Amino acid sequence: MTTYLLLHGGFHGAWCWRRLIEHLPARDVVHAPTFTGLAERSHLDSPEIDLEVYCNDVLNVIRWEQLDDFVLVAHSFGGIVATAVADRVPERIRSLVYLDAFVPQDSQSLVDLGWPASPPGLTPVPPPPAAIFGLHGADGEWVDSQMTPQSANTATDKVVLTGAYKAVDRTYVFATGWDSLPHFVVNRDVARSSENWRSYDVDGCHELMIDRPAEVAKILIETAERTRGATTVPRDTDQPSDRTA
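Caption draft 1: Structural view of the layout of surface pockets. Estimated volume of the largest pocket: approximately 280 Å³. What lines the largest pocket is a set of 24 residues, and nearest its centre among them are Gly10, Phe11, Leu110, Trp115 and Pro128. Within the lining of the largest pocket, the residues separate by chemical class into 13 nonpolar, 10 polar and one charged. Within this model, the second largest pocket holds a volume of roughly 220 Å³. Lining the second largest pocket we find 13 residues, and of these Val103, Gln105, Asn187, Val190 and Trp197 sit closest to its centre. Elements that contribute at least two residues to the lining of the second largest pocket include exactly β5 (169-175) and α6 (182-193).

Structural data, given as structure tokens:
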């Protein structure tokens, strides 16, 4: 059995992982939290929400669900949160998969990595149209109807990293079917040239978990099998048996 912890991107929520989860083995456990203030938690939105709130959202899932030896998967903006979380609890994570995601260095923010800054005082920030991510038609309309505004602080807060996350096995999945951001291209190139990374290209738009769920699930399963036994923290035998949380 493999445990997956899925972190969505900006303006999204747990809803974006539905198709992907259907392609993972039924025996596996999947946790897909939604960050505070978004989607079904949008009633908690506040101008005070910042990057640390999102990090605590994830760290609390790990703490109270007693997760260890799990595969951490992050899409887009979720890569910033995942990197910060992995830096704090690297011993608990079997592998970290960046799904067409931002990969920050210490003291960098989402804006530092190329995301356009919002006008001063605008918060929450409205979501962009799904067409920007290369998603069109019925799927694009669905994503547009699901996305919610996000606190501006989460784009400008600078992540604090010690470098401990670099001990975790890392994989980068690059989406080739859209007009990608330069930062993602750099991430792909770094992953291809480094012995510390695995790299995959998938012919789909930025929303790979929606556009190419079967291909992404295959990569996650391969990653879980390749890294099985890589962490030293014992698995908790009392983890919940439900597929999503």
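Anyway, onward from the coordinates.
Caption draft 2: Highlighting helix α3 (residues 78-88). The buried fraction of α3 amounts to 10 of the 11 residues, a majority that puts the element mostly inside the structure. When we look at burial in α3, the residues that qualify are Gly78, Gly79, Ile80, Val81, Ala82, Thr83, Ala84, Val85, Ala86 and Asp87. Those residues of α3 that are buried are in contact with β1 (3-7), α2 (51-64), β3 (70-75) and β4 (93-99).

Caption draft 3: Focus on the pairing of β1. Burial analysis of β1 places five of its five residues in the buried class, which makes it a mostly covered element. The two faces of β1 match: Thr3, Leu5 and Leu7 on one face and Tyr4 and Leu6 on the other face are all buried. The pairing of β1 with strand β2 (residues 29-31) spans three bridges and is classified as parallel. Opposite leucine 5, over in β2, you have histidine 31 as the bridge partner. Bridge analysis of β1 against β3 gives four bridges, and the strand direction is parallel. What sits directly across from leucine 6, in β3, is valine 73.

What counts, and at which threshold
- Residues numbered from 1 in each chain as written.
- Predicted model: local features only at pLDDT ≥ 70, side-chain atom pairs only at ≥ 80, totals over all residues.
- Heavy atoms only, no water.
- 1 Å grid on protein atoms, 1.4 Å probe; cavity = no way out; pocket = protein on both sides within 12 Å on 5 of 7 lines; lining within 4 Å.
- Points joined across faces, edges and corners; volume = space filled by probe spheres on them.
- Nonpolar A, V, L, I, M, F, W, Y, C, P; charged D, E, K, R; others polar.
- Helix = DSSP H or I, 4+ residues; strand = E, 2+ residues; numbered from the N terminus.
- Buried < 20%, exposed > 50% of the residue type's maximum accessible area, 1.4 Å probe, protein only.
- Contact = heavy atoms within 4.5 Å.
- Pairing = 2+ DSSP bridges.

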